[in-house]
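Structure at a glance
Listed here are the chains, written in short residue letters.
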Amino acid sequence: MPIIDSQVHAYEANTPTRPWHSVPNWPPHVTGDEMVAAMDRVGVDGAIFISAFSLYQYDASYALEVQRRHPGRFAIIKPVNPADPAVGEVIAEWKKQPGAVAVRIMMTAREAGLRPDDPGLDRIAREAARHGFPVNVLFWGNIEAGTTLIDRHPNTRFIIDHMAILQPRTPPAPPEPWADLPKVLALAKRPNALIKVSGACTLSRQPYPFPDIWDPLARLFDAWGFERCLWGTDWTRAFAVVNYEQAVEPFLRTDRLNERERAMLMGGACAKAYGWSPGKG
């Protein structure tokens, strides 16, 4: 079974022709070609390329360019704007794009005024379901609101980013990195939700290969089942904490997963969730 990274961000350098909205603590550039090279070095067959909201906001034009250049290596996801009254048309147009597999919304506590019953979120959830798209949703630090949104739209499939657990952009991990895990386990009761086990290595308080992640992850796997867990690196957001190889190898080499579990976690569940596998274009 192919290895599929459920979350990567590629991007060009910050230039006047495609300026960044903000400047995170990421490398000056990780182009699509550079991302493919990093994947090749560790045997990752394909990735779900999420257009980086912090850099490009709702403009996914670079993701489209990269997907055209590497159609068998990337599926693509676009953030969509709940405040846009035409967001339904935006989703319909996105559905037509080669390699497009989902849309994304940001619902962290920092998104001031964005409540679970926001009309724009309702519109996105309905339109995504109508077009057969899952909705990727980031609500770390705001789990109660995210849970309400998922319950509000039982006919929409939601894919929860980063285990819904706030992750550091710089080391070290916080003293209690898994404090929200009980809430995440309770979320598993929602049949219309899947969860991305992305960025997990950034929560370790021990050196590579991060052995302390496995006990909390075992609880997550037990609650959600491997068929609903999508492994991912969240690179390049995780750049300042782990390099790409360090985010991949612990999952390839651990003895805490058998081969069936590893295959499902590192590719099978992702391929099913998005209806995409590497090489299909």
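For clarity, every value in this text was computed on a predicted model and none was experimentally measured.

Cut-offs applied
- Residues numbered from 1 in each chain as written.
- Predicted model: local features only at pLDDT ≥ 70, side-chain atom pairs only at ≥ 80, totals over all residues.
- Heavy atoms only, no water.
- Buried < 20%, exposed > 50% of the residue type's maximum accessible area, 1.4 Å probe, protein only.
- Helix = DSSP H or I, 4+ residues; strand = E, 2+ residues; numbered from the N terminus.
- Arc of directions from axis to C-beta.
- Contact = heavy atoms within 4.5 Å.
- Pairing = 2+ DSSP bridges.
- Axes fitted to C-alpha atoms, helices over the stretch in contact; angles between N-to-C directions.
- Salt bridge = Lys/Arg side-chain N within 4 Å of Asp/Glu carboxyl O.

1. Observations regarding helix H1 (residues 32-42)
Think of an α-helix as turning once every 3.6 residues; residues three or four places apart then point the same way. Buried within H1 are the following residues: Gly32, Met35, Val36, Ala38, Met39 and Val42. The buried residues of H1 occupy an angular sector of 160° when projected down its axis, which confines them to one face. Check the buried side of H1 and you find it contacts strand S1 (4-8), strand S2 (46-50), helix H3 (61-69), strand S3 (74-79) and helix H9 (244-253). Looking one or two places after H1, you find Gly43, whose phi comes out positive at around 80°.

2. As for the sheet that holds S1
Read across the sheet, eight strands follow the order S1-S2-S3-S4-S5-S6-S7-S8 without closing on themselves; strand pairing throughout is parallel. Only two strands of the sheet have a single partner each, and these edge strands are S1 and strand S8 (229-232). Strand after strand, the sheet turns through a mean of 25° between neighbouring axes, direction not considered.

3. Examining the pattern of salt bridges
Pairs can form between side chains of opposite charge whenever their charged atoms are close. According to the stated counting rule, one finds 18 salt bridges in the structure shown. Here Asp33 and Arg69 are joined by a salt bridge, their closest N and O atoms 2.7 Å apart. Note that Asp33 is positioned in helix H1 and Arg69 in helix H3, a separation of 36 residues in sequence. Ionic pairing is found between Arg190 and Asp151, a salt bridge with its closest N-O pair at 2.9 Å. On the criterion of sequence distance, the pair formed by Arg190 in the loop between helix H7 (181-187) and strand S7 (193-198) and Asp151 in helix H6 (residues 143-152) is long-range, its members being 39 residues apart. On the basis of relative accessible area, Arg190 is assigned to the buried category, the value being 19%. Taken together, the salt bridges that share partners define one network made up of Glu12, Arg18 and Glu65.

By themselves these figures say nothing about function.
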